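As a plain string of letters, each chain reads:
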Amino acid sequence: DAKTTQPPSMDCAEGRAANLPCNHSTISGNEYVYWYRQIHSQGPQYIIHGLKNNETNEMASLIITEDRKSSTLILPHATLRDTAVYYCIVRVAAGNKLVFGAGTILRVKS
Amino acid sequence: NAGVTQTPKFQVLKTGQSMTLQCAQDMNHEYMSWYRQDPGMGLRLIHYSVGAGITDQGEVPNGYNVSRSTTEDFPLRLLSAAPSQTSVYFCASSYVGTGMEKLFFGSGTQLSVL
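Each chain carries its own residue numbering, running from 1 in the written order of its sequence. All chains are assigned letters beginning with A, and all ligands numbers beginning with 1, in the order in which they are written. The predicted origin of the model limits local features to residues at a pLDDT of at least 70 and limits the giving and counting of side-chain atom pairs to 80 or more, whereas totals for whole chains, interfaces and linings rest on all residues. Hydrogens and water molecules were not included; the side-chain quantities draw on all heavy atoms of the structure.

Caption draft 1: Just the overall build of chain A, in detail. Note on conventions: DSSP H or I runs of at least 4 residues are helices, E runs of at least 2 residues are strands, and numbering of each starts at the N terminus. A count of helical and extended segments in chain A gives 0 helices and 9 strands. N-terminal to C-terminal, the α/β element order of chain A is β-β-β-β-β-β-β-β-β. Radius of gyration: over C-alpha atoms. The globule rule applied is 2.2 Å multiplied by the number of residues raised to the 0.38 power. Since a compact globule built from 110 residues should have a radius of gyration of about 13 Å, the 13 Å found for chain A is in line with a globular shape. Along the first, second and third principal axes, the C-alpha set of chain A runs to 40 × 30 × 25 Å.

This is the structure we're talking about:
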């Protein structure tokens, strides 16, 4: 599975959009981009995933560049409860294994 | 709607003791897995299973055993606990299909080995 690179931490003002970047320059054509988050020592929670088209659900939007070498997770209106570690993961469709990196600590501040 | 249930939530062991961490899911998921998370680090895959009777190793399998006799249960056994196994353990499950299925995680077991 391709390796991902994320900034170690980011701050965001409450009510503003949080944009979390992820680089995956070695991604293969059959690898999906997944985002999970982990709120203070709880189990990780699925947020969104995509292959090459932009995706949106009730939690977030995922923007994938045309060359698929990077992506951005967007939380449109961040709240204090969105403070968490956000993990960007790429994996092939044929397997369920997820390999987690260090992630990005997002701090939402009032 | 229980989802993925892990027991116990906390456990303290002495070096050399053995124990089993329990994981059960009620979603009829074929895939189940165990991760460990050390302080300030991401999750590392220990073992996983794609169905009853089938298990395989992840990134850090040494010192752990698993078996999958039913779809619902995937216990993790520590054969002879060591201080290096002090960690938080998470169990996760999902369907096995096209591969895009999301993982559901349990709430974790915090293990300390003295």
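So that's the structure; there's more coming.
Caption draft 2: How the structure looks around the pattern of salt bridges. A pair is scored as a salt bridge if a Lys or Arg side-chain nitrogen falls within 4 Å of a carboxyl oxygen belonging to Asp or Glu. In this structure the tally under the stated criterion is 5 salt bridges over all chains. Among the ionic pairs, Lys-109 of chain A bridges to Asp-11 of chain A, the shortest N-O distance being 3.3 Å. Taken as a pair, Lys-109 of chain A in strand S9 (residues 104–109) and Asp-11 of chain A in strand S1 (residues 9–13) lie far apart in primary sequence, 98 residues in all. One salt bridge connects Asp-38 of chain B with Arg-36 of chain B, and the closest N-O pair in it is separated by 2.8 Å. One salt-bridge network, held together by shared partners, links Asp-11, Arg-107 and Lys-109 of chain A.

Caption draft 3: Representation of the sheet that holds strand S1 (residues 4–7) of chain B. Residues and elements named next belong to chain B. Taken together, the 4 strands give an open sheet; going across it, the order is S1-S3-S8-S7, and neighbouring strands pair in antiparallel fashion. With partners counted over all chains shown, the strands left at the sheet margins are S1 and strand S7 (64–66), one partner each. Here the average twist between neighbouring strands, direction ignored, is 20°. Strand pairing follows a simple DSSP-based rule, namely that at least 2 bridges must link the two strands. Bridging between strand S3 (residues 19–25) and strand S8 (residues 76–78) involves 3 bridges; their strand directions are antiparallel. Considered in S8, the bridge of Met-19 is made with Leu-78. Note on method: axes are straight lines fitted to C-alpha atoms, helices fitted across the in-contact stretch only, with angles between N-to-C directions ranging 0 to 180 degrees.

Caption draft 4: Spotlight on the interface of chain A and chain B. Taken together, the 21 residues of chain A in the interface contact 22 residues of chain B. Interface area, chain A with chain B, both sides summed: about 1,600 Å², of which 55% is carbon and sulfur. N or O atoms closer than or at 3.5 Å make up a polar contact, with two conditions inside protein: a donor-capable atom paired with an acceptor-capable one, and, for residues adjacent in sequence, both atoms drawn from side chains. Our count for the contact surface shared by chain A and chain B stands at 3 residue pairs in polar contact (both at pLDDT 80 or more). Going through the elements one at a time, strand S3 (31–38), strand S4 (45–50) and strand S8 (84–92) of chain A are the ones with two or more residues in the side of chain A that touches chain B. Broken down by element, the side of chain A that touches chain B gets its largest block of residues, 4 residues, from S3 of chain A. For this scheme, ten residues count as nonpolar: Ala, Val, Leu, Ile, Met, Phe, Trp, Tyr, Cys and Pro. Four count as charged, namely Asp, Glu, Lys and Arg, and the remainder, Gly too, count as polar. When its residues are assigned to classes, the side of chain A that touches chain B shows 11 nonpolar, 8 polar and 2 charged. Residues are treated as being in contact if the distance between any of their heavy atoms lies within 4.5 Å. Once two parts are brought into contact, the accessible area they lose, counted with a 1.4 Å probe and summed over both, makes up the buried area.

Caption draft 5: Representation of the packing of aromatic side chains within the structure. For Phe, Tyr and Trp, where Trp contributes only its six-membered ring, two rings pair if their centres lie within 6.5 Å, and the inter-plane angle classes them as stacked under 30 degrees, edge-to-face over 60, or tilted in between. Counting across every chain of the model gives 9 aromatic pairs over all chains. For the pair Tyr-31 of chain B and Tyr-48 of chain B, a centre-to-centre distance of 6.0 Å together with 35° between the ring planes defines the contact as tilted. Note that Tyr-31 of chain B is positioned in strand S4 (residues 31–37) and Tyr-48 of chain B in strand S5 (residues 43–51), a separation of 17 residues in sequence. Summarising the burial analysis for this pair, Tyr-31 of chain B and Tyr-48 of chain B share the class buried. Taken together, the aromatic side chains of Tyr-36, Tyr-46, Tyr-87 and Phe-100 of chain A together with Tyr-35 and Phe-105 of chain B make up a single cluster linked through ring pairs. Accessibility here uses a 1.4 Å probe with only protein chains present; expressed as a share of the type maximum, an area under 20% marks a residue as buried, one over 50% as exposed, and anything in between as partly exposed.

Caption draft 6: A nonpolar patch on the surface, seen in detail. All names here are of chain B. Patches in this entry comprise residues that are over 30% relatively accessible and not in a salt bridge; like charges within 9 Å are linked, as are nonpolar side chains (Val, Leu, Ile, Met, Phe, Trp, Tyr) within 5 Å. The protein chains shown are the only cover counted for residues, whose accessible areas, like all others here, come from Shrake-Rupley with a 1.4 Å probe. The grouping of Val-50, Ile-54 and Val-96 at the surface amounts to a nonpolar patch, some 210 Å² of accessible area in total. Mapped onto the elements, Val-96 comes out in the loop between strand S9 (87–94) and strand S10 (104–105). Judged by its relative accessible area of 36%, Val-96 falls in the partly exposed class.

Caption draft 7: Expanded view of the nonpolar core. Nonpolar cores are built from buried Ala, Val, Leu, Ile, Met, Phe, Trp, Tyr and Cys residues. Side-chain atoms within 4.5 Å join them into one set. Membership of the largest hydrophobic core comes to 21 residues, with the highest contact counts inside it found for Trp-35, Leu-73, Tyr-86 and Leu-106 of chain A. If you list the elements that add at least two residues to this core, you get strand S2 (18–23), S3, S4, strand S6 (61–64), strand S7 (70–75), S8 and S9 of chain A. Among the elements that line this core, the one with the most residues is S8 of chain A, at 4 residues. Counting 19 residues, the second largest nonpolar core, distinct from the first, contains Val-4, Leu-21, Phe-74 and Val-113 of chain B.

Caption draft 8: Representation of the side chain of Gln-85 of chain B within the structure. Residues and elements named next belong to chain B. By the element assignment, Gln-85 lies in the loop between S8 and S9. The buried category is assigned to Gln-85, whose relative accessible area is 5%. Every residue in contact with Gln-85, bar those within four places of it in the chain, is listed here: Arg-36, Asn-62, Gly-63, Tyr-64, Leu-78, Ser-80, Leu-111 and Val-113.

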